[in-house]
Amino acid sequence: MKYVLRAVNVLAAVIIAFALLVLLRTVFTPAGEVPTLGGYSFMRTLTGSMEPAIPVHSFLITDDVDPESLQVGDIITFRSTEPNLEGALNTHRITSVYEENGQLMFRTKGDANAVEDSEPVAAVNVVGKVVFVSAALGIVVSLFANPLVFLLLIVVPLVLLLGFEFAKLVKSTKEVARAEDEAALRAAVEEIRRKRAAEKAEAAKAAAAPAAEKPEDSPTGE
C-alpha cells in the first residue's frame with residue numbers, strides 16, 4: 001500500500017508539473033507566436049466567432065496533424081491572410097476542401113459568423129487541428145497572465161514550498177549525521193568493551209598459568 005501511495009504521489013506531481021509547464025508556455029509566449037510542446041500547440045481564443053462550440057477566452061490544444069487528413073467540419077487554427085488580421089492566428093471550422101494550382105486549400109467559417117472567411121487557408125498556414133477546448137482553463141490562463149496574480153498564486157507558493165522542502169532536507173541531513181555519529185560512538189564503545197574483555201581474559205589466563213605450572217613438593221625420607 002505504501003508503494004501504491006508513493007506511485008500516486010509521483011504521478012500527481014508529474015501531472016501538476018506538466019500542467020504548470022503548459023500554463024507557463026501559454027502565458028509567456030509572445031503575441032503572434034504559437035507555444036508548442038511535443039507536437040501540440042496551446043493558445044486562447046480572443047473572440048466569440050466560434051461560439052457556442054468555443055466560448056470566448058477558451059483554452060485550446062491543437063494537434064500538428066497532416067493537412068491531408070483534415071476534413072469538412074474539423075476546427076483548425078491557422079494564420080489568416082485576411083488584410084485586417086495581418087497573419088494573426090484564427091480558429092474556425094472547415095467548410096470545404098479543394099486544390100488550387102496543386103496546393104491544398106480550405107474554406108473556413110466561424111460558427112457564430114454569418115459568412116465564410118473572405119480568404120481561403122493554404123495548407124502551409126495551418127497550425128493544427130483543435131483537439132481540446134476548455135472555457136474553465138481559459139479563465140485560469142487569463143488570470144495567470146496578470147503578473148500580480150501570477151506572483152501571488154505561483155511564485156510565492158513555489159518559493160514557500162521550495163523553502164519548506166529545503167528545511168526538510170537540512171533536517172534530514174542533520175538526523176542522518178546524528179545517527180551516523182551515534183552509530184560510530186556505539187561501535188567505538190563496543191570495541192573498547194571487547195578489548196577490555198579480551199584483556200581481562202588474557203590477565204586471568206596469565207594469572208592461572210603459574211599456579212598450574214608450579215611443581216608439587218617431593219616427600220623427604222629419613
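Thresholds, definitions, all that
- Residues numbered from 1 in each chain as written.
- Predicted model: local features only at pLDDT ≥ 70, side-chain atom pairs only at ≥ 80, totals over all residues.
- Heavy atoms only, no water.
- Patch = residues over 30% accessible without salt bridge, like charges linked within 9 Å, V, L, I, M, F, W, Y side chains within 5 Å.
- Areas by Shrake-Rupley, 256 points an atom, 1.4 Å probe, with all protein chains shown as cover.
- Salt bridge = Lys/Arg side-chain N within 4 Å of Asp/Glu carboxyl O.
- Helix = DSSP H or I, 4+ residues; strand = E, 2+ residues; numbered from the N terminus.
- Contact = heavy atoms within 4.5 Å.
- Polar contact = N/O pair within 3.5 Å; in protein donor to acceptor, adjacent residues only side chain to side chain.
- 1 Å grid on protein atoms, 1.4 Å probe; cavity = no way out; pocket = protein on both sides within 12 Å on 5 of 7 lines; lining within 4 Å.
- Points joined across faces, edges and corners; volume = space filled by probe spheres on them.
- Nonpolar A, V, L, I, M, F, W, Y, C, P; charged D, E, K, R; others polar.
- Core = buried A, V, L, I, M, F, W, Y, C linked by side-chain atoms within 4.5 Å.
- Buried < 20%, exposed > 50% of the residue type's maximum accessible area, 1.4 Å probe, protein only.

**Re a nonpolar patch on the surface**
Move 1: Together, Tyr40, Val131, Phe132, Leu137 and Val140 give the surface a local cluster of nonpolar side chains, amounting to about 390 Å² of exposed area.
Move 2: Listing elements by their share of the nonpolar patch, those giving two or more residues are strand S8 (126–134) and helix H2 (135–144).
Move 3: If you trace the backbone, phenylalanine 132 turns up in strand S8.

**Side note on the environment of glutamate 82**
Move 1: Within the secondary structure layout, glutamate 82 lies in the loop between strand S4 (75–79) and strand S5 (89–100).
Move 2: Along the backbone, glutamate 82 and serine 118 are 36 residues apart, and their C-alpha atoms lie at a distance of 6.9 Å.
Move 3: Not counting residues within four places of it along the chain, the set of residues in contact with glutamate 82 comprises Asp117, Ser118 and Glu119.
Move 4: Polar contacts involving the side chain of glutamate 82 include one to the main-chain amide nitrogen of serine 118, which spans 3.4 Å.

**A closer look at empty space enclosed by the protein**
If you roll a probe as big as a water molecule over the atoms, it shows you where there is empty space left.
Move 1: Scanning all chains against the criterion turns up 1 cavity of 30 Å³ or more.
Move 2: Empty space within the largest cavity amounts to approximately 40 Å³.
Move 3: Lining the largest cavity are Phe78, Arg79, Ser80, Thr81, Glu82, Asp117, Glu119, Pro120, Val121 and Asn125.
Move 4: Taken together, the residues of the lining of the largest cavity sort by class into 3 nonpolar, 3 polar and 4 charged.

**Here's the deal with the nonpolar core**
Move 1: One finds Leu70, Ile76, Phe78, Ile94, Leu104, Phe106, Val121, Ala123 and Val126 forming the largest nonpolar core, which totals 9 residues.
Move 2: Going through the elements one at a time, S4 and strand S6 (103–109) are the ones with two or more residues in this core.
Move 3: When residues no more than four places from it in sequence are discounted, the contact partners of leucine 70 are Val65, Ile76, Ile94, Val97, Phe106, Val126 and Lys129.

**Quick word on the environment of serine 69**
Move 1: Looking at the element boundaries, serine 69 is found in the loop between strand S3 (59–63) and S4.
Move 2: Take serine 69: its relative accessible area is 43%, and that puts it in the partly exposed class.
Move 3: Put simply, serine 69 and lysine 129 are 60 residues apart on the chain and 9.8 Å apart in space, counted from C-alpha to C-alpha.
Move 4: In this structure the side chain of serine 69 is engaged in a polar contact, spanning 2.6 Å, whose partner is the backbone oxygen of aspartate 66.

**Notes on unusual backbone geometry**
Move 1: The omega torsion of the bond from glutamate 51 to proline 52 falls at 5°, within 30 degrees of zero and hence cis.
Move 2: The residue proline 52 is located in the loop between strand S2 (40–44) and S3 in this model.
Move 3: Here histidine 57, not a glycine, exhibits a phi torsion of approximately 70°, which is positive.
Move 4: Tracing the backbone through its elements, the reader meets histidine 57 in the loop between S2 and S3.
Move 5: Judged by its relative accessible area of 38%, histidine 57 falls in the partly exposed class.
Move 6: One non-glycine residue, asparagine 101, adopts positive backbone phi at about 55°.
Move 7: Mapped onto the secondary structure, asparagine 101 falls in the loop between S5 and S6.
Move 8: Given a relative accessible area of 80%, asparagine 101 falls into the exposed group.

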